[in-house]
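# Notes for the structure review
So you can see what is in the structure, the chains are spelled out below.
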Amino acid sequence: MTWLDDVKWDERGLVPAIAQEESTGDVLMVAWMNREALARTAETGEAVYFSRSRHKLWHKGEESGHIQKVHAIRLDCDADVILLRVTQTGHEPGIACHTGRHSCFFQKYDNGQWVTVDAVIKDPTQIYS
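Think of each chain on its own: its residues are numbered from 1, step by step along the sequence as written. Local features in a predicted model are, by the rule used here, given only for residues with pLDDT of at least 70; side-chain atom pairs are given and counted only at 80 or more, and totals for whole chains, interfaces and linings are based on all residues. The basis for every side-chain value is the complete set of heavy atoms in the structure, and neither hydrogens nor water enter the calculation.

## Some thoughts on helix α1 (residues 35-44)
The rule is simple: take the accessible area with a 1.4 Å probe, protein chains only, and divide by the maximum for that residue type; under 20% is buried, over 50% is exposed, in between is partly exposed. Secondary structure elements are defined from DSSP: runs of H or I of at least 4 residues count as helices, runs of E of at least 2 residues count as strands, and each element is numbered from the N terminus. Within α1 the residues assigned to the buried category are A37, L38, A39 and T41. Working rule for contacts: check all heavy atoms of both residues, and any pair within 4.5 Å makes them a contact. Among the structural elements, β2 (27-33), β3 (48-51), β4 (56-59), β5 (68-75) and β6 (82-88) are those in contact with the buried residues of α1. Where α1 ends, the next residue or the one after it, G45, has phi of about 80°, a positive value.

## What to know about the pairing of β5
Paired strands are those between which DSSP finds at least two bridges. Direction of pairing for β5 relative to β6: antiparallel, over a ladder of seven bridges. Paired with R74 across the strands is L83, a residue of β6. Between the end of β5 and the start of β6, which pair antiparallel, lie six residues, with A79 showing a positive phi angle near 65°.

## Digging into the packing of aromatic side chains
Stacked, edge-to-face and tilted labels apply to pairs of Phe, Tyr and Trp rings (six-membered ring for Trp) whose centres lie within 6.5 Å, assigned for plane angles under 30 degrees, over 60, and everything in between, in that order. Evaluated as defined, the whole model comprises two aromatic pairs. Ring geometry for Y49 and W58: centres 5.2 Å apart, planes at 40°, overall tilted. For the residue pair Y49 and W58, the accessibility class agrees, reading buried in each case. Here Y109 and W114 contribute two aromatic rings whose centre-to-centre distance is 5.8 Å and whose plane-to-plane angle is 75°, an arrangement assigned as edge-to-face. There is no split in this pair, since Y109 and W114 are both exposed. Criterion for a charge above a ring: Lys NZ or Arg CZ within 6 Å of the ring centre, and within 35 degrees of the ring normal. The positively charged end of R12 is found above the aromatic ring belonging to W32, 5.4 Å away from the centroid. Against the face of F106 rests R101, its NZ or CZ located 3.9 Å from the ring centre.

Rendered as structure tokens:
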């Protein structure tokens, strides 16, 4: 048995992973990990996720250059969610979202609708070519 066996993987062999910025505490994104992604993250010190749409491992920043340097990997009390404490690299402030924003959580519920509250830092067409 290894530390990976302590994680409660879902029926697809995945676990949700939250990326939280080390310096500010901002929640940057939520993605999914399989055993290999979590093991590679621990080995390399950089965030590796599993893309459910592409059915393959995804090293965060492999296309954009916006890599996540991992400071800590935590497991929640139910052992079914991973928390990564990261430094988002590639731009200041770091861009974690494919929309060119700092965080994927840029929409806020306000009086019955979602309102965009965080601006685009860099045009995604300039990030992904």
